[in-house]
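Architecture and fold: a report
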Amino acid sequence: MSTITLSKDDARTLQTAAYGVVTLLAAADPGVIASTKASVAAAQALRTATGLVGHALNDKPKPNLKAGTLEGVAQLVFPALTASVRLLERKAPVEAENFRRTIATAVAAAAQTRSGRPHPATAELIREIDSALGN
């Protein structure tokens with residue numbers, strides 16, 4: 001059985017994509033993650049990922065996503081999402097699905113609002129995230 005490994009750059013790309021999604025959702029509508037519970041749940045979804053994805057997401061250090069604006073963060077995150085899926089589909093297709101599920105779980109947790117409905121800007125951002133993941 002061969003062992004699949006990721007370079008440090010590959011792991012950073014996965015981290016940028018995963019942690020960036022949560023950062024994007026927070027920046028798009030500050031009310032989305034106004035609740036500490038939603039923020040903690042989203043981070044927990046990333047920390048509890050399993051397999052190769054879990055190993056990459058829990059590697060240190062975490063990416064710096066302070067790009068100043070929502071657009072700046074998006075310019076970092078969306079290419080990283082697409083690159084992550086392509087990389088994992090090429091190296092370990094099962095892990096590509098694991099990555100998609102992990103991101104979906106984090107997005108669902110992060111998008112929780114007190115009203116139970118995401119802000120329209122958040123809903124559009126979630127559609128864009130799904131598209132970048134190839135869903």
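Further up the page is the structure itself.
I will try to describe carefully the structure that is included in this document. As the structure is a computational prediction, the values presented were derived from the model and not from experiment. (Residues numbered from 1 in each chain as written. Predicted model: local features only at pLDDT ≥ 70, side-chain atom pairs only at ≥ 80, totals over all residues. Heavy atoms only, no water.)

For the protein, the count of helices and strands is six helices and zero strands. In sequence order, the protein lays out its α and β elements as α-α-α-α-α-α. Relative to its full complement of 135 residues, the protein shows a buried share of 45%. For the protein, the proportion of contacts with a sequence separation of at least 24, taken over those separated by at least 6, is 80%. In the form shown here, the protein has an accessible surface area of approximately 7200 Å², with 56% of it arising from carbon and sulfur atoms. (Helix = DSSP H or I, 4+ residues; strand = E, 2+ residues; numbered from the N terminus. Buried < 20%, exposed > 50% of the residue type's maximum accessible area, 1.4 Å probe, protein only. Contact = heavy atoms within 4.5 Å. Areas by Shrake-Rupley, 256 points an atom, 1.4 Å probe, with all protein chains shown as cover.)

On to the side chain of Glu95, then. One can find Glu95 in helix α5 (residues 93-110). Comment: no salt bridge for buried Glu95; closest opposite-charge side chain is Arg101, at 7.3 Å. Within the structure, the side chain of Glu95 is placed 3.0 Å from the side chain of Asn98, a separation counted as a polar contact. Setting aside residues up to four positions removed in sequence, Glu95 forms contacts with Thr50, Gly51, Leu52, Val53 and Leu88. (Lys, Arg positive; Asp, Glu negative; His and termini not counted. Salt bridge = Lys/Arg side-chain N within 4 Å of Asp/Glu carboxyl O. Polar contact = N/O pair within 3.5 Å; in protein donor to acceptor, adjacent residues only side chain to side chain.)

Packed helices, taken two at a time, are described by the angle between their axes plus the distance between the axes. Axis separation between helix α1 (residues 8-28) and helix α4 (residues 70-91) bottoms out at 7 Å; the angle between their running directions is 140 degrees. Relative to α4, α1 is oriented oblique. Crossing of α1 over α4 shows left-handed handedness. Looking at the contact of α1 with α4, its residues break down into 17 nonpolar, five polar and two charged. (Axes fitted to C-alpha atoms, helices over the stretch in contact; angles between N-to-C directions. Parallel < 35°, antiparallel > 145°, perpendicular 65-115°, else oblique. Left-handed = near helix turned anticlockwise from the far one by under 90°. Nonpolar A, V, L, I, M, F, W, Y, C, P; charged D, E, K, R; others polar.)

A few words on the nonpolar core. Side chains of a nonpolar character, in soluble globular proteins, are inclined to be buried together. Judged by nonpolar contacts, the single largest core of 42 residues is most densely connected at Leu14, Val21, Phe78, Leu81, Phe99, Ile103 and Ile129. For this core, the secondary-structure elements that each account for two or more residues are α1, α2 (36-47), α3 (51-57), α4, α5 and α6 (120-132). Per-element tally for this core: the top contributor is α1, with 10 residues. Not counting chain neighbours up to four residues away, the residues in contact with Leu81 comprise Ala17, Val21, Phe99, Ile129, Ala132 and Leu133. (Core = buried A, V, L, I, M, F, W, Y, C linked by side-chain atoms within 4.5 Å.)

This part covers the packing of α4 against α5. Interaxial distance between α4 and α5 falls to 5 Å at its minimum, and their mutual angle equals 150 degrees. Considered as vectors, α4 and α5 are oriented roughly antiparallel to each other. Residue-level contacts link Leu81, Ser84, Val85, Leu88, Glu89 and Lys91 of α4 to Pro93, Glu95, Ala96, Phe99 and Arg100 of α5. Tallied by class, the residues present in the contact of α4 with α5 amount to six nonpolar, one polar and four charged.

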